[in-house]
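# Residue-level structural notes
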Amino acid sequence: MTAVRTIAGLRAELLGPRRAGRRIGLVPTMGAFHEGHLSLMRRARRDCDVVVVSLFVNPAQFNDSGDLRAYPRDRERDAALAAGLGVDYLFAPAVEEIYPPGFASTVSVAGVTETLEGAHRGRAHFDAVATVVTKLFNIVSPDVAYFGQKDAQQAIVIQRLVRDLDMPVAIEVCPTVREADGLALSSRNVHLSAADRARATALHRALGAVRDVVSAGERDPGAACEAALAELARAEIEPDYVELVSAESLTPVDRIEGDVLALIAARVGTTRLIDNELIRIPTHHRGVATRLGASTTA
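Residues numbered from 1 in each chain as written. Predicted model: local features only at pLDDT ≥ 70, side-chain atom pairs only at ≥ 80, totals over all residues. Heavy atoms only, no water.

## Brief notes about the overall build of the protein chain
Helix and strand counts for the protein chain stand at 11 helices and 11 strands. Relative to the compact-globule value of 19 Å for 298 residues, the protein chain shows a C-alpha radius of gyration of 19 Å, a close match. For the protein chain, the spread of C-alpha atoms along the principal axes amounts to about 55 × 45 × 40 Å. Taken across its 298 residues, the protein chain has 52% of its residues classed as buried. Summed over all atoms, the accessible surface of the protein chain reaches about 13300 Å², with 50% contributed by carbon and sulfur. (Helix = DSSP H or I, 4+ residues; strand = E, 2+ residues; numbered from the N terminus. Rg over C-alpha atoms; globule rule 2.2 N^0.38 Å. Buried < 20%, exposed > 50% of the residue type's maximum accessible area, 1.4 Å probe, protein only. Areas by Shrake-Rupley, 256 points an atom, 1.4 Å probe, with all protein chains shown as cover.)

## Examining helix α10 (residues 202–215)
One turn of the α-helix equals 3.6 residues, which is why residues spaced by three or four share an orientation. Between its terminal C-alpha atoms α10 stretches 19 Å, which fits the 20 Å expected from 14 residues at 1.5 Å a residue. With 10 of 14 residues buried, α10 lies mostly within the body of the structure. Taken residue by residue, α10 has Ala202, Leu203, His204, Ala206, Leu207, Gly208, Ala209, Val210, Arg211 and Val214 as its buried positions. A positive backbone phi angle near 115° is found at glycine 217, which sits one or two residues after α10. (Expected span 1.5 Å × (residues − 1).)

## Side note on the pairing of strand β2 (residues 24–29)
Taken across its 6 residues, β2 has 6 buried, putting it largely inside the fold. Where β2 lies against strand β3 (residues 50–55), 6 bridges are found, and the strand directions are parallel. In the sheet register, leucine 26 faces β3, and the bridge partner there is valine 52. When β2 meets strand β5 (residues 144–148), the two strands line up parallel, connected through 2 bridges. By the bridge assignment for β5, glycine 25 is matched with valine 144. (Pairing = 2+ DSSP bridges.)

## Examining the environment of aspartate 64
Examined against the element boundaries, aspartate 64 turns out to sit in the loop between β3 and α3 (65–70). Classification of aspartate 64 by relative accessible area gives partly exposed; the value is 42%. It is 8.8 Å that separates the C-alpha atoms of aspartate 64 and arginine 121, two residues lying 57 residues apart in sequence. Side-chain polar atoms of aspartate 64 contact the backbone nitrogen of glycine 66, separated by 2.8 Å. (Polar contact = N/O pair within 3.5 Å; in protein donor to acceptor, adjacent residues only side chain to side chain.)

## Things to note about the packing of helix α7 (residues 123–140) against helix α8 (residues 152–164)
Each packed pair of helices is defined by two parameters, the angle between the axes and the distance between the axes. Packing of α7 against α8 brings their axes to within 10 Å, and their N-to-C directions diverge by 55°. When the interaxial angle is binned, α7 and α8 end up oblique. The two elements α7 and α8 cross, and the hand of that crossing is right-handed. Between α7, through Phe126, Val129, Ala130, Val133, Thr134 and Phe137, and α8, the contact on the second element is made entirely by Gln153, Gln154, Val157, Ile158, Leu161 and Val162. Here the contact of α7 with α8 is composed, by residue class, of 9 nonpolar, 3 polar and no charged. (Axes fitted to C-alpha atoms, helices over the stretch in contact; angles between N-to-C directions. Parallel < 35°, antiparallel > 145°, perpendicular 65-115°, else oblique. Left-handed = near helix turned anticlockwise from the far one by under 90°. Contact = heavy atoms within 4.5 Å. Nonpolar A, V, L, I, M, F, W, Y, C, P; charged D, E, K, R; others polar.)

## Regarding the packing of helix α1 (residues 7–19) against α7
Interaxial distance between α1 and α7 falls to 9 Å at its minimum, and their mutual angle equals 50°. By the angle class used here, α1 and α7 are oblique. Taking contact as the criterion, the partners of Ile7, Leu10, Arg11, Leu14 and Arg18 in α1 are, on α7, Asn138, Ile139 and Val140. Classifying every residue of the contact of α1 with α7 gives 5 nonpolar, 1 polar and 2 charged.

## Focus on α7
Along its 18 residues, α7 runs 26 Å from first to last C-alpha, staying within 8% of the 26 Å computed at 1.5 Å per residue. The element α7 is extensively covered by neighbouring structure, given that 15 of its 18 residues are classed as buried.

## A short note on the pairing of strand β9 (residues 271–280)
Most of β9 is tucked away, with 9 of its 10 residues classed as buried. Pairing analysis gives 10 bridges linking strand β8 (residues 259–268) to β9, with the strands arranged antiparallel. Looking across to β9, one finds that aspartate 259 is bridged to arginine 280. Remark: 2 residues form the turn of the hairpin made by β8 and β9, two consecutive strands paired antiparallel; glycine 269 in that turn has positive phi of roughly 65°.

## Quick word on the state of the cysteines
Evaluated as defined, the whole model comprises 0 disulfides. No disulfide involves cysteine 48; its sulfur sits 11 Å from the nearest other cysteine sulfur, which is in cysteine 174. Judged by its relative accessible area of 5%, cysteine 174 falls in the buried class. (Disulfide = S-S within 2.5 Å.)

So, in structure tokens, the structure goes:
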């Protein structure tokens, strides 16, 4: 694996493979790798001739300076894990490389960034995500880029960005990776105390409660959310939100049908966690809900 710190250096490295018509895959990350990140790298390694992993803790997308300072970092460990999976290039630029003096441009995606995380973290959060991802796509020019379903709203924002701006990159959204007890893997999980770690499993159980009542025939989103809220209340967790929205537009649904996203955000102790589940009502039989088991491609 080759570690690259500059934009010019990475472009020079990729010039030969691109001219040779080799398929280039990009896995954008902020580091602190866990099995979720590694699953994306494995998928990219399986699908692509050349795999690039970016490691950049993007300061612009943090609305809390304390959260930015506390974000876990271990570049040597991350590099070793990436190399062990056969990653070809680890792109780990300094902040000044991505945001040089005088940087004054912002990429903004309307319609899917104002709600949910956008409402709680501020619209600027997704502006920062869209801007840095656009930069990464321009730097790497990948044929395909890999994102995790755990950050469902982020994945939808990126899909809309690529569609609206006709970017020549396929977006693969890969399944959420979980612990044995259902907790979605997150770099922030390291901040959970033992007691809060146990309580945090309620997020996955709450999503399961939604799935179960829908499977039993419930089609009222309010009633389905109440099942999730009851599960969270048993763990003494007050969520930022529990929502059922369209899996395409992120708009609230009046009735559960088609593809619906159940999303939860909550602070467990001092750590804010998010999770989601896609509930699919098959068109041939509206009375049954199933879990999505495959990746989604833009």
